[in-house]
Each structure stands twice: as C-alpha cells, then as structure tokens.
Amino acid sequence: MKKYITILFFMICSASSFSQVEFGSILEGTLGDAQILLKGYVRPIAEGFGYSVNGGWFTTAKTHKLFGFDFAIVTSAAIAPSSAETFTFNNSDYSPNLQLDNSNISSAELPTFFGSQELEDRPLLAFTDNDGNSVSTSALPGSGLGHAIGFNAVPSAVIQVGVGLFKNTDLKIRFVPKQAASEYEFSSFGFGIQHDLKQWIPFVKRLPFDVSALVAWNDVKSKAFLDAEDNPTQALEFTTNTFLFQILASKKLSIFTLYGGVGASSYTSDVNLLGNYSNVSMPDPISLNYKGGSMRANLGLTMKILLFNLSADYAVQEYDTFSVTAGFSFR
Amino acid sequence: MLLLPFVRHKFISVSLLKITNKKQEIMTKLNFMKSVVLLFAVLAFSGCEENGPIQFIAVDEFEITLPISGAKNELSFDYTSPAESSIDISELLGEASSFVELYVEELTVTLEDYSGNKIALDLEVSALGLPFDYNHSLELTSGIATSIDLKNTLDLLLFLSSTSIPVTVKGESSGILADDNFTLKLKLKIKGIVEM
C-alpha cells in the first residue's frame, strides 16, 4: 500500500518540483481537468460498488411465515468487465494545461484503477503552466489487482435481517449504525420488500415452486478524514445508493434450494473531496458523480441444514456479481 | 465500508514528502493535489503492493548557464560546470528508488551577452563526460536559441553516479573571439524511466 501511495504521489510531486514549471498555475487552471481525469480513473470502483452492494438480497423466492425471520452475512464481489480497464482521454475535454504529450494524437486510452501498470499502456500526459513550460509524466497505473488475483473485483459486505409480515410479505433490513472514529465514519441502511406473487395467481399457486417479487434500496455512507487533527473538515466521502427490482423463483429440493431471478439493478455513487485546501479557492473541490444500471439475472443455490443457511449465487449484469450468504433462518 | 481498511494508511503519504526547502515552498501549493492523490490511495487495495515494481516515464527540460570568461582574442574555450551549478536530476527521480533508463533527447544552445553578433565555431558539448553526437560545426547568433540536431540520444545511465550531471563545452572558433565574457545557455530535454 505504501508503495502504491508513493507511486501515486510521483505523478503529482515530480511534476510539481521540476525546475521550469509553476505547478500552482497548473493547479488553478486544471481543477476541472482533475475532476474529469479522476472521474474516468475511479469510475469502475464507483460502478462496481453499486453493483456489488445489490448482491445477496435473497436466497429463496419463498417468503417467511408470519414473524419468521432470518439473519445473514452477505459478501459480494462485482467483477469489472474488460471495458472498465481503460477510459478515453480526449484532449478536447481538457484545458491546455493538461494534454496528451504526443501532439500527433488527440485522444488515447488511459488505465483506470483496474487498468494496466505497463508503461506502454500509459501514455504521457503533459502538464503545462501559464508560461508555456511543461513537464510530462506517464499516466497513473492501474492497481495491479487483476494481475495479482486474476480478475478485477469490487467487494462489499453487509449484515441483513428479514422478518415475515402479513400476506406472505417479508421486510428485509440492512443496517449498520454510524461508526465514527477520529479517522473515519461509516454507516449503512437499506430495506427491501419481498412479496409472494404466486398466491395471487389462480392455478399457479398450486404448483410446486415459489415465485415472488423483490424491491430493495440501500444507502452506504463512508468518510475518511485526511488530516483529522489539523484540518478536520478535509475528508474523502464515498456515498452509494442502490436500487434493485427482481422477479424471483425458487425450488426446494431436500436440503437444497435452487433460486434465480430477473430484473434490474441501478445505482448512484458520489465521491467527494470535502474541505478547504490551500491554493484552491473553492471548498469541497472535487465531486464525482456516477449513475447507472443494467438488467440483471441471477442463479444461486442454498443449502439449509437445520436453521443454518449457506448460499452462493452469480448475477449476470454490467458488472457480474458473485455473492455468498451465510446465516440462519426460522419459519 | 470499502474505505475502512485503507484509512489507517493516510499518514504514510506525509512522510513521503522529503524535500528541500525550495521544494517545500512549491509543495505547499500542492495540498489539494495531495488530497486528490490520497483519494486514489484510499481506494487502493492493500494487496497491490505485492506486485512488481511500477515504472514511470518523466520528461523535463533542464537549463544550465555556462559562463565563458577570459576568451577575448582567443580561438578556443573549454568550460565544465562545477558540481554546485551542474544539472540536478534528483527531481526527475522524485520518490522513485532508481532510474531504469536516462537519456537526453534534445539539446538547445543559446549564445548570450556576446558583444559581437554571432560566432561560427566547432562546439563540442558533453554531459557526464559523454559527448553528444551531432555536427559540431555551428553558427550561434546572440540571443537566438539553436536547436541541435542530435544523431542519437545520449544515454547517461551507465555513467551516472549521482544525481548531478556536469556539462562541458569545448569551442574552437575560426576567428578570434570578440568578447572576454559571454555565456552559453544550454537546455537539455531529459527523459527518465524510474522504478518504484
């Protein structure tokens, strides 16, 4: 981690310290550039987390009996597609202070956080001050995660409780009260409603499988304080809202339940740099907003022994997501 | 929750800024970018450090002024920059641990403070004692930058023992020099590949 931070600093610090370049003028002129560049670089994290959080809401289409309940720990990993490994840098999107070093091209593919670390995949970016002096450095490298573990994934973990209410309807709650320390804050809240559809359909309700519908919403907030002692307002904030709608079906076979569903998944994610910073007149200077969604289909298998459940499912969507759920269920 | 495992690393960055007073002055302007970079860092996965070294290309131009004195009525001059005023490429290295490649891509020469208008001379320029490969026969006009057409880039890495690069100029004029004191300003575009 330390090395990675060092690398990230290299691009900025080396650019700033070269003899010819007044980096302050670049900075003032390129706040918008930084925003655009970062938005492309961070995008797969924000997108992937949105899809990841939407995993594991259900492990069966069968709803609880009245006041039946379940408790589960859900872990998910959204796998970034290969298209998320690069983003397009167009000179026309940036000010003259930040352009591709190669003047013969007007656009290039740069690595995202999940992109390549190889030099040949990282075009030179030229930082130019208002006097025309410039320094060029390689674009930021990817994290190397894909190289290290074989794929790029965004993980998440939540605790979920479900309770059976009237008319074969379950209320599902995801809740982590605000956790605050000197260096970070974190909280999460979400809820879902799962309702048995089969009971309303003549003839179908007698068939030996379960059909239901689920709508779910989740909000995750986290904040990391960059300099808690001297600049307590300086923080990096990461907020994600997700929404899920699915039609579910499941079939119980002895201790196993095969389940699946089709629907839609969507998210909004915000990455904000909060606080006041020297040489930047505007407070809260960086605000990256992401919004997206896709159709979703998943298939999973639950194993239940006595009260205990263990489930795994795979969801096909823009960022395919693998979820594992462990917990217990009663009634 | 994505951020939590990484928060504890945030102060590491501060310790990375081991810089001179001059650099510190510049760096104070960079608090914002420091925070921006931390954004990346906080989002990074701790396992990433297990990967091999990561390389960066950095390209910058370095200017050096070489004062030529006592040249009046002479046909030649020879000057090597002292250590304290040689090209310092430590900033090109930045926080990296080592250079993987280091070479000069472009060379520009400007004659300044010369009482005459121009000098026609055979000028040899070398860095770290290594001569640049180009047609040495030049005509320098006072105040006008002359871009040297290098036949090959100058590879400095093998002979680099510190981050200070002395530059030597040796000139031989076809006629006697008209000025006792003048300067040659050299601009070197240096490209380094660093590893960290």
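Worth saying up front: this structure is predicted, and the values here are computed from it rather than measured.

1. So, the overall build of chain B
- Per the secondary structure count, chain B includes four helices and twelve strands.
- Within chain B, buried positions represent 48% of all 196 residues.
- Sequence-distant contacts in chain B: of pairs separated by 6 or more residues, those separated by 24 or more amount to 82%.
- Within the structure as shown, chain B displays about 8900 Å² of accessible surface, and the carbon and sulfur contribution to it stands at 47%.

2. Observations regarding the side chain of Ser188(A)
- With respect to the helices, strands and loops of the structure, Ser188(A) is situated in strand β9 (residues 184-196).
- Polar side-chain contacts of Ser188(A) include one of 3.5 Å to the backbone oxygen of Asp219(A).

3. Here's the deal with the environment of Leu248(A)
All names here are of chain A.
- Summarising the element assignment, Leu248 is placed in strand β11 (residues 231-253).
- In this structure the C-alpha to C-alpha distance between Leu248 and Asn130, which are 118 residues apart in sequence, comes to 59 Å.
- Every residue in contact with Leu248, bar those within four places of it in the chain, is listed here: Phe58, Thr60, Ala61, Gln194, Asp210, Val211, Ser212, Leu214, Gly260 and Gly261.

4. Let's talk about the nonpolar core
- Counting residues in hydrophobic clusters, the biggest one holds 47 residues, and the most contacted among them are Leu123(B), Phe132(B), Phe182(B), Leu184(B) and Leu186(B).
- Put simply, the parts of the chain that give this core at least two residues each are β1 (55-69), α4 (90-93), β4 (98-112), β5 (118-127), β7 (137-141), β11 (167-173) and β12 (181-195) of chain B.
- If near-sequence neighbours (up to four positions away) are discounted, Phe132(B) is found in contact with Val104(B), Leu107(B), Val125(B), Ser126(B), Ala127(B), Leu150(B), Leu154(B) and Leu188(B).
- The next biggest cluster of nonpolar side chains, apart from the first, holds 44 residues, and it includes Val53(A), Leu100(A), Val220(A) and Tyr267(A).

5. Focus on the pattern of salt bridges
All names here are of chain B.
- Going through the model one piece at a time under the given rule, you end up with nine salt bridges over all chains.
- Linking Glu106 and Lys189 is a salt bridge whose minimum nitrogen-to-oxygen distance equals 3.7 Å. Separated by 83 residues along the polypeptide, Glu106 in strand β4 and Lys189 in strand β12 bring together distant segments of the chain.
- Overall, Lys189 belongs to the partly exposed group, its relative accessible area being 21%.
- Among the charged side chains, a salt-bridge network with shared partners connects Glu61, Glu63 and Lys187.

6. Observations concerning helix α3 (residues 31-53) of chain A
All names here are of chain A.
- Between its first and last C-alpha, α3 extends 31 Å over 23 residues, near the 33 Å set by a 1.5 Å rise per residue.
- In α3, a bend of some 50 degrees at Val42 exceeds every other bend along the element, and Pro44, a proline, comes one to four places later.
- Where burial is concerned, most of α3 is hidden: 18 out of the 23 residues are buried.

7. Section: unusual backbone geometry
Residue and element names in this part refer to chain A.
- In the Ramachandran plot, Ser254 falls in the positive-phi region, its phi being about 60 degrees despite a non-glycine side chain.
- When you line up the elements, Ser254 lands in the loop between β11 and β12 (256-274).
- Judged by its relative accessible area of 59%, Ser254 falls in the exposed class.

8. Regarding the packing of aromatic side chains
All names here are of chain A.
- Taken as a whole and assessed by the stated rule, the structure comprises 16 aromatic pairs over all chains.
- Where Tyr51 meets Tyr267, the ring centres are 5.3 Å apart and the plane angle is 70 degrees; that geometry is what we call edge-to-face. Here the residue Tyr51 occupies a position in helix α3, and Tyr267 occupies one in strand β12, the gap between them amounting to 216 residues. Taken as a pair, Tyr51 and Tyr267 share a single burial class, namely buried.

9. Observations regarding the confidence of the model for chain A
- Per-residue pLDDT for chain A has a mean of 87; in total, 91% of the residues score no lower than 70.
- Segment residues 1-28 of chain A is flagged for pLDDT under 50; beyond a separation of four residues in sequence, or across chains, it makes 118 contacts in the model.

10. A short note on the pairing of β1(B)
- With two bridges connecting them, strand β6 (residues 134-138) of chain A and β1(B) associate as antiparallel partners. Bridge pairing in β1(B) links Ser136(A) to Val59(B).
- As judged from the 15 bridges shared by β1(B) and β12(B), these two strands associate in the antiparallel manner. Residue pairing across strands places Glu61(B) opposite Lys189(B), the latter belonging to β12(B).

What counts and what doesn't
Numbering of residues starts from 1 in each chain and follows the order in which that chain's sequence is written. Here every chain gets a letter starting at A, and every ligand a number starting at 1, in the order they are written. Since the coordinates come from a predicted model, pLDDT governs what is reported: local features require at least 70, and pairs of side-chain atoms require 80 or more to be given and counted, while whole-chain, interface and lining totals use all residues. Working from all heavy atoms in the structure, the side-chain values ignore hydrogens and water. Helix and strand definitions here come from DSSP, where helices need a minimum of 4 consecutive H or I residues and strands a minimum of 2 consecutive E residues; each element is numbered from the N-terminal end. Relative accessibility decides the category of a residue: with a 1.4 Å probe and only protein chains considered, values under 20% of the type maximum give buried, values over 50% give exposed, and everything between is partly exposed. Whether two residues are in contact is decided by their heavy atoms, any of which lying within 4.5 Å being enough. Working definition of accessibility: Shrake-Rupley area with a 1.4 Å probe, residue cover restricted to the visible protein chains. We define a polar contact as two N or O atoms separated by no more than 3.5 Å, with the added condition that, inside protein, one atom must be a possible hydrogen donor and the other a possible acceptor, whereas residues neighbouring each other in sequence contribute only through side-chain atom pairs. Within this scheme, the nonpolar core is defined by two criteria: the residues are buried Ala, Val, Leu, Ile, Met, Phe, Trp, Tyr or Cys, and they are joined through side-chain atoms within 4.5 Å. For salt bridges, the criterion is a side-chain nitrogen of Lys or Arg within 4 Å of an Asp or Glu carboxyl oxygen. Each helix should span, by expectation, one fewer than its residue count multiplied by 1.5 Å. To get the bend at a given residue, fit one axis to the seven residues ending there, fit another to the seven starting there, and take the angle between those axes. Stacked, tilted and edge-to-face are the three classes assigned to paired rings of Phe, Tyr and Trp, where Trp is represented by its six-membered ring and a pair needs centres within 6.5 Å; plane angles under 30 degrees give stacked, over 60 edge-to-face, the rest tilted. pLDDT runs from 0 to 100 and stands for how confident the predictor is about each residue. Strand pairing is defined by DSSP finding a minimum of two bridges between the two strands.

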